[in-house]
Amino acid sequence: MLFWRKKNKYFDDGITIQCPVCEWQPHKKDHWRCTCGKSWNTFDTKGKCPKCKRVWEETRCMGCGSISAHKDWYKTKEDLEEIEIQGNTYLRVKKKSLESRLIEYGIRNYRIKYLEDLDYSKEEFQLPYDAACRMIIFYAIFCITDGVDKIIVVSWLKNENIWQKVSPEEKTFFTSSYDEKELLMDLSWRIEAALTLGWTLNIVEELPKLDSKNNHKTLEKFVDILPKVGEPLNNFLSGLKYRDIDEIYEEALLNEKATAYFRDLLFSTEKNETKINRFVSFERHKVLNWWRKCFGISQWDETDTST
């Protein structure tokens, strides 16, 4: 059964309707489509198509994509109380926090399918020093897009022992004599990735919201805090530590879901229902995938942005 998304919450007397897997709850105007072409809210008729009378015994969730028995979607108050005490309480809190933020941004139908997806205890993250060096590399790229001479920037990175952490593709950029305006414009977004790492390292107190129109003020303040091109880096880099990993990991998953949302829009007829700056979100998604060492990456050029 296919579906598409609408607005307004779905209500049913005394019963909460939610996905048995991810707990996503449909709205009244969410529509599913039958093979006969009819679209309607499947919960209005207990899964029976009003046109061809076919009874759908299974329903696909718009939040996580799981297919579950239609009858299992109907939950009493007692059912919900039982669900609430099941599983890892800590991870349930994290799930609600993340999904609340997604809904606040207008991304209603992208949910965490399994609580285990929120457990990062077995993941390996980049070391704070390596994250700080990568932040400086992004900052150096931004400085070049802002008019600073490449020779001066490269000399700085080499003198401060950062050059060996520059990726092969970045080295090509740093050592080339000519760059197209479009490339420079694209690379200027690296300052958003630098800002994100600065936030993970407590240089920045708070990341601007993804739909913020005034994040340039935060960026200006961030750039003012960083050492200027040519200044010593050792003392600055060696004293940095990560903020609470819970915060960073939630931000990583938030931007992963946002990236998935925008990619799905490319293959649908739906309109963007958010005010998220997708370019900012993508930079955060990519750099936090690097931070997480997703898919076993070893350097920046290999960072995967799959969702």
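Structure's up top.
The structure presented is a predicted model; accordingly, all values stated were derived computationally and were not measured. (Residues numbered from 1 in each chain as written. Predicted model: local features only at pLDDT ≥ 70, side-chain atom pairs only at ≥ 80, totals over all residues. Heavy atoms only, no water.)

## Points about the packing of aromatic side chains
Selection rule: Ring geometry is summarised as follows: Phe, Tyr and Trp rings, the Trp one being its six-membered ring, pair when their centres sit within 6.5 Å, and such pairs are stacked at plane angles under 30 degrees, edge-to-face over 60 and tilted between the two. Elements are defined by DSSP. Helices are runs of H or I of four residues or more, strands are runs of E of two residues or more, and each kind is numbered from the N terminus. The rule is short: NZ of Lys or CZ of Arg within 6 Å of the ring centre and within 35 degrees of the ring normal puts a charge over the ring.
Applying the stated criterion to the full structure yields 17 aromatic pairs. Judged by centre distance (5.8 Å) and plane angle (55°), the ring pair of Trp163 and Phe174 falls under tilted. Separated by 11 residues along the polypeptide, Trp163 in the loop between α4 (150–159) and α5 (168–175) and Phe174 in helix α5 bring together distant segments of the chain. Site record: aromatic cluster; members linked through ring pairs are Trp24, Trp32, Phe43, Trp73 and Tyr74. Over the aromatic face of Trp290 sits the side chain of Arg134, whose NZ or CZ is 5.9 Å from the ring centroid. Against the face of Phe173 rests Lys150, its NZ or CZ located 4.3 Å from the ring centre.

## What about the nonpolar core?
Let me state the cut-off plainly: We define the nonpolar core as a collection of buried residues of types Ala, Val, Leu, Ile, Met, Phe, Trp, Tyr and Cys that are connected through side-chain atoms lying within 4.5 Å of one another. Burial classes: relative accessible area under 20% of the type maximum marks a residue as buried, over 50% as exposed, and values in between as partly exposed (1.4 Å probe, protein chains only). Whether two residues are in contact is decided by their heavy atoms, any of which lying within 4.5 Å being enough.
Grouped together as the largest cluster of nonpolar side chains are 69 residues, with contacts concentrated most on Met135, Leu157, Phe174, Phe222 and Trp291. Ranked by residues supplied to this core, first place goes to helix α3 (residues 128–145) with 12 residues. Every residue in contact with Phe174, bar those within four places of it in the chain, is listed here: Ile137, Ala140, Ile141, Ile144, Lys150, Val153, Val154, Leu157, Trp163 and Val166. Counting 11 residues, the second-largest nonpolar core is a separate cluster that includes Ile17, Cys19, Cys64 and Tyr74.

## Let's talk about the environment of Ile151
Looking at the secondary structure, you find Ile151 in helix α4. Judged by relative accessible area, Ile151 falls into the exposed class, the value being 66%. Put simply, Ile151 and Ile162 are 11 residues apart on the chain and 15 Å apart in space, counted from C-alpha to C-alpha.

## Overview of helix α11 (residues 278–292)
One turn of an α-helix holds 3.6 residues; hence residues three or four places apart share an orientation. Counted only if it meets this: Working rule for helices: expected span equals 1.5 Å times residues minus one. Whenever a nitrogen or oxygen atom comes within 3.5 Å of another N or O atom, the pair is scored as a polar contact, on the condition that within protein one atom can donate a hydrogen and the other can accept it, and that pairs from neighbouring residues in sequence are kept only if both atoms are in side chains.
With 15 residues, α11 ought to run about 21 Å at 1.5 Å a step, and its terminal C-alpha atoms sit 21 Å apart, in line with that. Of all 15 residues making up α11, 12 are buried, and the element is well covered by its neighbours. What α11 keeps buried is the set Val280, Ser281, Glu283, Arg284, His285, Lys286, Val287, Leu288, Asn289, Trp290, Trp291 and Arg292. Tucked into the core, α11 has its buried residues touching α3, α7 (190–200), α8 (215–225) and α10 (245–265). Taking the backbone nitrogen of Phe279 as reference, a side-chain oxygen 3.0 Å away marks Asn277 as the first, capping residue of α11. The positive-phi residue at the C-terminal boundary of α11 is Lys293, with phi of around 55°.

All quantities given are derived from atomic positions and should not be read as evidence of function.
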